[in-house]
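This is what each chain is made of:
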Amino acid sequence: MSNLPNETLIPHIGVVTDVRIDTPDVKTFRVVAPEGGVCFKHIPGQCAMLSIPGVGEAMFSITSSPTNTDFMEFSIKKCGCLTSWLHMMEPGQQITIRGPYGNGFPVESDFKGKDLLFIAGGIGLAPLRSVINYVRHYRSNYGKVDIVYGSRSKDDLVDYNEILNEWCNEEGVNVYLTIDREQEGWDGHVGFVPNYVKELGFDTNKTAIICGPPIMIKFTLAGLQELGFDKTQVFTTMELKMKCGVGKCGRCNIGSKYVCKDGPVFRCDQLDELPNEY
Amino acid sequence: MYQIEKARLGELFARIAASGELILPVENNGTSQYGTWTPEVEVRLDRLNTVRSAKDCFFPQTENLMGFQMKGKEISIIDQRKPCEPFTVFGVRACDAASFGILDRVFLSEPVDTYYQSRRLAGTIVTLACGEPEETCFCSVFGIDAVKPGGDVSCWLTEDTLFWKSLTEKGDALTEKVKDLLTDGDEAALKAYQEKISAIHEKLPLKNLSLEGFNGDATEALFDRPEWAELSEACIGCGTCTFVCPTCQCYDIRDFDTGHGIQRFRCWDSCMYSDFTKMAGGNPRLTQKERFRQRFMHKLVYYPANNDGIYSCVGCGRCVAKCPISMNIVKVIKTLGVKNHE
Amino acid sequence: MQRVIEIIKEKAGKLLADGTVDRVIGWKDGEFFYDPTPAVFSAGELENLRYDSFCGANVSKYLIAETKKEGKILALLKPCDTYSFNELVKEHRVDRDKVYVLGIECRGKADINKIRDLGIKGIESIEELPGDELLVHTIYGDKTCKLNDVLLEKCLCCKSKTHVASDDLALTGEPMPEAPKDRFAMVAKLEMMTPDERFEFWRGELSRCIRCNACRNVCPACSCLKCVFDNDASGVASKANADTFEENMFHIIRAFHVAGRCTDCGECSRVCPQHIPLHLLNRKFIKDINEFYGEYQAGADTTSRGPLTDYTPDDVEPSIVMKRGGDQ
């Protein structure tokens, strides 16, 4: 068997070493290779195919930064069959993992030296967390970092502890949190992310990175344009149904682009050139 | 170039089959299907096309990918790939032979699909020129010459003679195995036959179908055309067109609990199916109009955009003949194209 | 004498003009005459409407979606199609009030595959001649054949020339030929086989299945919003012929599910790209139902209870299965 060529559809084993409950429906899973360390290298914004054999396989963005070589993390919202099974896992459970897939964020090109504005809604923080922590690691390579993050309620903020204890305390990093509705014990901002972004009124010399529900992306992009941002300054990351992860199974295309291979990260002006079918 | 009497084809097939599986069109209750040659099967070289295309030989409808054993919290992965034994496909029409190049661009591009690759490397393709094309044929529209059908070996079958011409190293190797059954080919006779069938191909009603307006840059011009609604109106959302198509290559990956472990397999999937793009969170192609549009946009625009302008259709006419409601790529091209309005 | 298409267009035109209906569902031209496509027409589009020997497709199932839309639709239904229509009305899939049924004359529909089986190739177009003769223009020259020799399987055993649902009729008055063939002949032949022979027969036929779902998607009795075979949560979802027996189960379960509701419209066999005689499965059920419960024709009306969804003290006992199942 050893002389057979490498086959991307055949996964590796991953061991779940830690399960963190983030919100009522989001858990973050720490995954390592059986021999320890990460299963493979990746760049921020790339994804991996996770599977419980017999249940299914699906694409998830890698939440941890590649600067972390001890483990990978995946923040996963319970929304379907496979994710429900994943949520039942306990530490020590093995899963299968293959990847990395997708283009990732241009952290070594377009983003370098720039002021970065991260805008996330709900579970949309998952792919951005990888970039944010990467940028924090190579802090001197990037300019000022602003993070606007909102969710339905305080309890739905993913990675809340890391945000409070690390991001908020870092120099040159500003964190703006918001929740959709007033809530007891919350003295921060209340309101939807797109409106909050407009209220905050950022300088247009920044590069913006948005991820969240499609409706939030749409309105946030419109808000940024009102502020004077050009679509070439705004990046987002997409999600469609995938099976292979390498542009062959034929289902995650938007026009001629495959989200798994040509994405998931798109610059908003590039996305504009694609048909509106996502 | 060689030839053999038509009456001795059985000997030729037996010889080829002696050194590996021989797959060719055989009779199956009134239909032709690619099947394994045995002395008992009824070979059907007279029917133009098999119902299923020759892609099955390299990209079967279902294939096992890998197995898993689950023990407590532990998983072991079983690589089930086996080296593919050499085989020959005989009687492949020019359209199907051209489809392999289209599939290659998908499966052999990085990262290579090793399941497909191993079959592709092991298979020798013997094509057969089309002496009696059907009205549904339009391969010439895609630059395919059914009179000179390509493959590793090209064959021409007249009333009494099979002409045999090797085109590649694989073809030479196969020729070597059957050479003592063959005699030197009568070039003039072959030329005369080719001219005769060329004249028939000239009469095909779809030969002047124009592809003007379809190319990798046509997404914007075609995507929102109102005609998609009418074209897709009667589509029943079955997978017939995609499954008989020699270039459709979409697949699904699924797991099956065998009772002794988990078998992961892949199977053909169809963009015409409602669950093709359905996620827990929604579906970007909600109605049959979007699914229908995807199929034809993929063949005529998206695939060319990613593959040097090559279309993902070979004009075999299977979808034309088989669609339950008689809606097909020809009607799409005629409706949305630039030059097809009579 | 006025041709039936002219009568249809005249009546449809009037109904559109006076606002009785908003749309018409029928057939429009294909490439080669033998391949019309079901289509919906609005006022002003009727010139594209056609009706002839190749309009075999049963358009009644489209009415499920069409009656969910605004307005009323005129449906062109052949006698056999009206049975499917009644069954859909009975099952509350089609809103009867939103359909105006124009029952149309039918002299039997041609099967293009049977024309090809006569050795006719390269068919460019077909003309219908008087006397139910077809003149086939091909790239290899003109050929002729008789409509009667190339009828669809469903027409060989035409169940009736009477429309069981209609608001109006479009008839030329010319008598419609009756079909003498016994539709249960092949079923009876299969019943005479040993279980092994029968198993062999079906394995052979079903081995060609490519699981394209054309039979299911075209079937007027298969009107579930979500088919169990498309539902991941069902545990039997399948789109692969992962092993050949799975295919057999798909067809057998489907036949069970439409039993008592199948009108024998024959669409499953007409659309099967692999020419699998799927109608035989349905006819076996129909034959058994007739034998166990008395003659029953699904879709004959919109009110009666089907024998499998009704109870009478004389119903056969389940043990009949054992008794008839052979000597196991």
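These figures come from a predicted structure and were not determined experimentally.

1. As for the overall build of chain B
Secondary structure summary: chain B contains 11 helices and 12 strands in total. Relative to the compact-globule value of 20 Å for 342 residues, chain B shows a C-alpha radius of gyration of 22 Å, a close match. C-alpha extents for chain B along the principal axes are approximately 65 × 65 × 40 Å. Long-range pairs, those at least 24 residues apart, make up 71% of the contacts in chain B between residues at least 6 apart in sequence.

2. Some points on the overall build of chain A
Tallying secondary structure elements over chain A gives 6 helices and 15 strands in all. Computed over the C-alpha atoms, the radius of gyration of chain A is 18 Å, within 12% of the 19 Å expected from 2.2 N^0.38 for a compact globule of 278 residues. C-alpha extents for chain A along the principal axes are approximately 60 × 45 × 35 Å. The contacts in chain A between residues at least 6 apart in sequence include a share of 71% that link residues at least 24 apart.

3. Details of the domain arrangement of chain A
Residues and elements named next belong to chain A. Domain boundaries assigned for chain A yield domain 1 (12–101) and domain 2 (116–237). Placing the centre of domain 1 and that of domain 2 at their C-alpha centroids yields a distance of 23 Å. The interface is formed by 15 residues belonging to domain 1 together with 14 residues belonging to domain 2. Where the side of domain 1 that touches domain 2 is concerned, the elements lending two or more residues are strand 1 (12–23) and strand 5 (72–77). Here the side of domain 1 that touches domain 2 is composed, by residue class, of 5 nonpolar, 8 polar and 2 charged.

4. Concerning the domain arrangement of chain B
Residue and element names in this part refer to chain B. Partitioning chain B into domains gives domain 1 (2–202) and domain 2 (219–336). Each of domain 1 and domain 2 was reduced to a C-alpha centroid, and the two centroids are 25 Å apart. Between domain 1 and domain 2, the residue contacts involve 33 residues of the former and 27 residues of the latter. Of all the secondary-structure elements, those providing two or more residues to the side of domain 1 that touches domain 2 are strand 4 (62–71) and helix 2 (94–107). Top contributing element to the side of domain 1 that touches domain 2 by residue count: strand 4, with 9 residues. Residue composition of the side of domain 1 that touches domain 2, grouped by class: 18 nonpolar, 9 polar and 6 charged.

5. Concerning the pairing of strand 2 (residues 37–41) of chain C
Residues in a regular strand project their side chains so that they alternate between the two faces of the sheet. Of all 5 residues in strand 2 of chain C, 5 are buried, a share of seventy percent or more. A two-sided burial pattern is seen for strand 2 of chain C, the buried positions comprising Thr37, Ala39 and Phe41 of chain C on one face and Pro38 and Val40 of chain C on the other.

6. Considering the packing of helix 4 (residues 193–200) of chain A against helix 5 (residues 214–227) of chain A
Helix-helix packing is characterised by the crossing angle of the two axes and by the distance between the axes. Residues and elements named next belong to chain A. Across the interface, helix 4 lies against helix 5 with an axial gap of 8 Å and an inter-helix angle of 15 degrees. Classed by the angle they form, the pair helix 4 and helix 5 counts as roughly parallel. Handedness of the helix 4/helix 5 crossing: right-handed. Within the contact between the two elements, helix 4 uses Val193, Pro194, Val197 and Lys198 and helix 5 uses Met216, Phe219, Thr220, Gly223, Leu224, Glu226 and Leu227. Tallied by class, the residues present in the contact of helix 4 with helix 5 amount to 7 nonpolar, 2 polar and 2 charged.

7. Re the nonpolar core
Cys139 of chain B together with Ala75 of chain C are the most contacted members of the largest nonpolar core, which totals 254 residues. Top contributing element to this core by residue count: helix 2 of chain B, with 8 residues. Ignoring anything within four residues of it in the chain, the contact list for Cys139 of chain B reads Ala94, Cys95, Ile144, Ala146, Val314, Gly315 and Cys316 of chain B.

8. Describing the sheet that holds strand 7 (residues 116–121) of chain A
What links the strands of a sheet is backbone hydrogen bonding, and the strands pair in either a parallel or an antiparallel sense. Residue and element names in this part refer to chain A. Read from one edge of the open sheet, 7 strands run 10-9-8-7-11-12-15, paired in mixed fashion. Edge positions in the sheet fall to strand 10 (189–190) and strand 15 (265–267), since each of these pairs with one other strand and no more. Where strand 9 (residues 173–179) meets strand 10, 2 bridges bridge the pair, whose relative direction is parallel. Paired with Thr178 across the strands is His189, a residue of strand 10. Against the sheet, helix 2 (residues 125–137) touches strand 7, strand 8 (145–151), strand 9, strand 11 (207–211) and strand 12 (234–237), its axis set at about 155 degrees to strand 7. Relative to strand 11, helix 5 is tilted by about 160 degrees, and along the sheet it contacts strand 7, strand 11 and strand 12.

9. Side note on the interface of chain C and chain B
Each partner contributes residues to the interface: chain C has 33 residues there, and chain B has 40 residues. Within the residue set of the side of chain C that touches chain B, elements represented by two or more residues are strand 2, strand 6 (123–129), helix 7 (195–206) and helix 8 (214–218) of chain C. The greatest single-element share of the side of chain C that touches chain B, amounting to 4 residues, is contributed by strand 2 of chain C. When its residues are assigned to classes, the side of chain C that touches chain B shows 16 nonpolar, 9 polar and 8 charged.

10. A short note on the sheet that holds strand 7 (residues 133–138) of chain C
Residues and elements named next belong to chain C. Strand order across the open sheet formed by 3 strands is 6-7-8, with antiparallel pairing between neighbours. Each of the sheet's edge strands pairs with one partner strand only, and the pair in question is strand 6 and strand 8 (141–146). If you compare each strand with its neighbour and ignore which way they point, the axes differ by 25 degrees on average. Alignment of strand 7 against strand 8, held across 6 bridges, turns out to be antiparallel.

11. Section: the confidence of the model for chain B
Averaged over every residue, the pLDDT of chain B is 94; residues scoring 70 or more account for 99%. Note on the complex model: pTM 0.93, ipTM 0.91.

12. Observations regarding helix 5 (residues 187–202) of chain B
The first and last C-alpha atoms of helix 5 of chain B sit 22 Å apart over 16 residues, in line with the 22 Å expected at 1.5 Å per residue. Counting buried residues in helix 5 of chain B gives 1 out of 16 residues, a small share hidden from the surface.

13. Things to note about the environment of Phe214 of chain B
Structurally, Phe214 of chain B is set in the loop between helix 5 and helix 6 (219–223). On a C-alpha basis, the gap between Phe214 of chain B and Tyr302 of chain B in space is 9.8 Å, while along the polypeptide they are 88 residues apart.

14. A few points about unusual backbone geometry
Following Gly263 of chain A, the chain continues into Pro264 of chain A via a peptide bond in cis, with omega recorded as 5 degrees. Following the sequence through the fold, Pro264 of chain A ends up in the loop between strand 14 (257–258) and strand 15. A cis amide bond links Glu110 of chain B to the next residue, Pro111 of chain B, at an omega of -10 degrees. Its location among the elements puts Pro111 of chain B in the loop between helix 2 and helix 3 (114–122).

Reading guide: rules and limits
- Residues numbered from 1 in each chain as written.
- Chains lettered and ligands numbered in written order.
- Predicted model: local features only at pLDDT ≥ 70, side-chain atom pairs only at ≥ 80, totals over all residues.
- Helix = DSSP H or I, 4+ residues; strand = E, 2+ residues; numbered from the N terminus.
- Rg over C-alpha atoms; globule rule 2.2 N^0.38 Å.
- Contact = placed C-beta atoms within 7 Å.
- Domains from an automatic or database assignment.
- Nonpolar A, V, L, I, M, F, W, Y, C, P; charged D, E, K, R; others polar.
- Buried ≥ 20, exposed ≤ 12 C-beta atoms within 10 Å, placed from the backbone.
- Axes fitted to C-alpha atoms, helices over the stretch in contact; angles between N-to-C directions.
- Parallel < 35°, antiparallel > 145°, perpendicular 65-115°, else oblique.
- Left-handed = near helix turned anticlockwise from the far one by under 90°.
- Core = buried A, V, L, I, M, F, W, Y, C linked by C-beta atoms within 7 Å.
- Pairing = 2+ DSSP bridges.
- pLDDT = per-residue confidence, 0-100.
- Expected span 1.5 Å × (residues − 1).

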